[in-house]
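Spelled out from the first residue to the last, the chains are:
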Amino acid sequence: FLDQVVHEDFVLSLPLERLRCGAALDIGVSMGHVSFSLGVGTRILDELRDLAKDKQREGRVTLIDQPNFQRDFGMMRGSMEAARAYVRSAFDEWHRDAIANGTASLETRAKARLAACWGTRISMQVAQFAYVAAGTDGLRNDPENRLQRCYRDIGASAVHRHVDDNVLIEAAEVDLGVSPPSLQL
């Protein structure tokens, strides 16, 4: 192996110091993370809708014509839209707070981090629904299987450190007024 050196300028150390570029950089990576999750959740519903038009088990109507599927699909679509609205509201508040104060308060950051966790979990629930509703069509290992790809992507996204249970606990500690003074979100 060749000896290689990574210069200190390329090493990320947490917590990050906010040096420049204003309010947009105060938000950090959580917004991008939940945006990805919400996008994949929406995409998997679109893929499932397209599959449901033709998916039919022997002796049954197509999946798209089954009332239980229609009800559950509607609930999942509504859940995704509610999650998007909540996430957008929370991160808009973070941005406004950072513009007004140079950085957002811990309470504002906790609300947005909670929204990111919740939005990602809703996306995972939607993906689980789509995976089960699709039957073996969602399981097949094929490079063209977008349902399977979405399911794998959201599964990886849902266990990321920016939206794990530790973040939920920390956000709740802030909301409950019991967070340690050293907490950074």
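The structure reproduced in this document is the subject of the present report. What you see is a predicted model, and the numbers here were worked out from it, not measured in a lab.

Core analysis: the largest hydrophobic core is formed by 38 residues, its most contacted members being I44, L48, F69, F91 and F129. For this core, the elements supplying multiple residues, two or more each, are α2 (30–52), α3 (67–101), α4 (106–134) and α5 (146–158). A total of 11 residues in this core trace back to one element, the largest contributor, which is α4. Counting six residues, the second-largest nonpolar core is a separate cluster that includes A110, A171, L183 and L185.

With that settled, consider the environment of L45. Mapping L45 onto the fold places it in helix α2. A sequence separation of 82 residues divides L45 from A127, and the C-alpha atoms of the two residues are 7.7 Å apart. Residues in contact with L45, not counting those within four places in the same chain, are F73, M76, R77, M80, V126 and F129.

Turning our attention to the environment of T42. Tracing the sequence through the fold places T42 in helix α2. Look at T42 and you get buried, because its relative accessible area is 16%. Placed 108 residues apart in sequence, T42 and C150 show a C-alpha to C-alpha distance of 9.7 Å. Once you skip the residues sitting within four places of it in the chain, T42 turns out to touch R77, M80 and R84.

Here we come to the layout of surface pockets. Considered as a void within the structure, the second largest pocket measures approximately 230 Å³ in volume. Around the second largest pocket, the lining residues are M31, V34, S35, L38, G39, T42, R84, V87, R88, F91, D92 and H95. Those elements that place two or more of their residues in the lining of the second largest pocket are α2 and α3. Looking at the lining of the second largest pocket residue by residue, the classes come out as five nonpolar, four polar and three charged.

In this structure the tally under the stated criterion is 12 salt bridges. Residue D46 is joined to R77 by a salt bridge in which the shortest nitrogen-to-oxygen separation is 2.9 Å. Remark: R77 occurs in helix α3 and D46 occurs in helix α2; sequence separation between them is 31 residues. Looking at D46, the relative accessible area reads 23%, which means it is partly exposed. A salt bridge links D137 to R140; the nearest nitrogen and oxygen atoms lie 2.6 Å apart. Counted as one network, the salt bridges with shared partners bring together D46, R49, D50, K53 and R77.

About the cut-offs
- Residues numbered from 1 in each chain as written.
- Predicted model: local features only at pLDDT ≥ 70, side-chain atom pairs only at ≥ 80, totals over all residues.
- Heavy atoms only, no water.
- Core = buried A, V, L, I, M, F, W, Y, C linked by side-chain atoms within 4.5 Å.
- Buried < 20%, exposed > 50% of the residue type's maximum accessible area, 1.4 Å probe, protein only.
- Helix = DSSP H or I, 4+ residues; strand = E, 2+ residues; numbered from the N terminus.
- Contact = heavy atoms within 4.5 Å.
- 1 Å grid on protein atoms, 1.4 Å probe; cavity = no way out; pocket = protein on both sides within 12 Å on 5 of 7 lines; lining within 4 Å.
- Points joined across faces, edges and corners; volume = space filled by probe spheres on them.
- Nonpolar A, V, L, I, M, F, W, Y, C, P; charged D, E, K, R; others polar.
- Salt bridge = Lys/Arg side-chain N within 4 Å of Asp/Glu carboxyl O.

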